[in-house]
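Below are the chains, spelled out letter by letter.
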Amino acid sequence: MPARRALLAGPFALLLPTGARAGAQIEEPLADAVRTALAAAVADAAPPRPRFDKVEERLAYLRWLGAAGEKLKPRKAEHHVRIEFLEALWYESRRAGLETALVLGLVQVESGFRKYAISSAGARGYMQVMPFWARQIGDGDARRLFHMQTNLRFGCVILRHYLERERGDLFMALGRYNGSRGRAEYPNMVLAARRSWDIKA
């Protein structure tokens, strides 16, 4: 019977969401000031090339990029794709005042580093951003949530927003991000993944 079930599922497997972990994040009303601030925070601007005041800082960044790139290689085989992703994620996480390892852990849990992941709740892309965010603080075009930098920008800004809502409580902010606020499973998974990305450069 299990073999028959597997055979029946086969033709339909491509039609189902690809294992993304996003929950049913709740669309909450935003005060006008909050909406304006979030909209400004996600406004498009390509990430600049990193600039460092000290040679040691640049070398540390390059060591991190190399080590993170090696760790990511099984999930993103093409070198230029891998480096472009890591450069954008490094920039967007820092821009939002988030730990890079935390954002990498969240992406790992949410989408498994799949750009076009879609959850059963309809969340999209690397950071599994719900389409309602495109309407609330973007230009309304939810298709843009599959664009790498747009997705990372939205995800980081939204997580920062939830951290502020939860007064810095990362556990509760992660639960709110996933739509599972107050339950331990999702925050624990992200925090465990964060530890695996805590690369000492």
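Residues numbered from 1 in each chain as written. Predicted model: local features only at pLDDT ≥ 70, side-chain atom pairs only at ≥ 80, totals over all residues. Heavy atoms only, no water.

Draft legend 1. Quick look at the environment of glutamine 149. Within the secondary structure, glutamine 149 is located in helix α7 (residues 148–165). Judged by relative accessible area, which is 8%, glutamine 149 ranks as buried. Each C-alpha atom of the pair glutamine 149 and glutamate 92 lies 8.0 Å from the other, and the pair is 57 residues apart in sequence. (Helix = DSSP H or I, 4+ residues; strand = E, 2+ residues; numbered from the N terminus. Buried < 20%, exposed > 50% of the residue type's maximum accessible area, 1.4 Å probe, protein only.)

Draft legend 2. Quick look at the packing of helix α8 (residues 170–178) against helix α9 (residues 185–196). Interaxial distance between α8 and α9 falls to 8 Å at its minimum, and their mutual angle equals 110°. Accordingly, the angle class assigned to the pair α8 and α9 is roughly perpendicular. Crossing of α8 against α9: the hand is right-handed. Judged by residue contacts, Leu170, Phe171, Leu174, Gly175, Tyr177 and Asn178 of α8 engage Tyr186, Pro187, Asn188, Val190, Leu191 and Arg194 from α9. A breakdown of the residues in the contact of α8 with α9 according to their chemical character gives 8 nonpolar, 3 polar and 1 charged. (Axes fitted to C-alpha atoms, helices over the stretch in contact; angles between N-to-C directions. Parallel < 35°, antiparallel > 145°, perpendicular 65-115°, else oblique. Left-handed = near helix turned anticlockwise from the far one by under 90°. Contact = heavy atoms within 4.5 Å. Nonpolar A, V, L, I, M, F, W, Y, C, P; charged D, E, K, R; others polar.)

Draft legend 3. Focus on the nonpolar core. Of all hydrophobic cores here, the largest spans 53 residues; its most connected members are Phe85, Val107, Met127, Trp133, Leu152 and Tyr177. Top contributing element to this core by residue count: α7, with 9 residues. Ignoring anything within four residues of it in the chain, the contact list for tyrosine 177 reads Gln25, Leu106, Glu110, Met127, Gln128, Val129, Gly155, Ile158, Leu159, Tyr162 and Tyr186. (Core = buried A, V, L, I, M, F, W, Y, C linked by side-chain atoms within 4.5 Å.)

Draft legend 4. Here's a closer look at the packing of α7 against α8. Between α7 and α8, the least distance of the axes is 8 Å, while the angle of their chain directions is 130°. Relative to α8, the element α7 lies oblique. Viewed along their axes, α7 and α8 form a crossing whose handedness is right-handed. Taken together, the residues of α8 that come into contact with α7 (itself represented by Gly155, Ile158, Leu159, Tyr162, Leu163 and Arg165) are Leu170, Ala173, Leu174, Arg176 and Tyr177. Taken together, the residues of the contact of α7 with α8 break down into 8 nonpolar, 1 polar and 2 charged.

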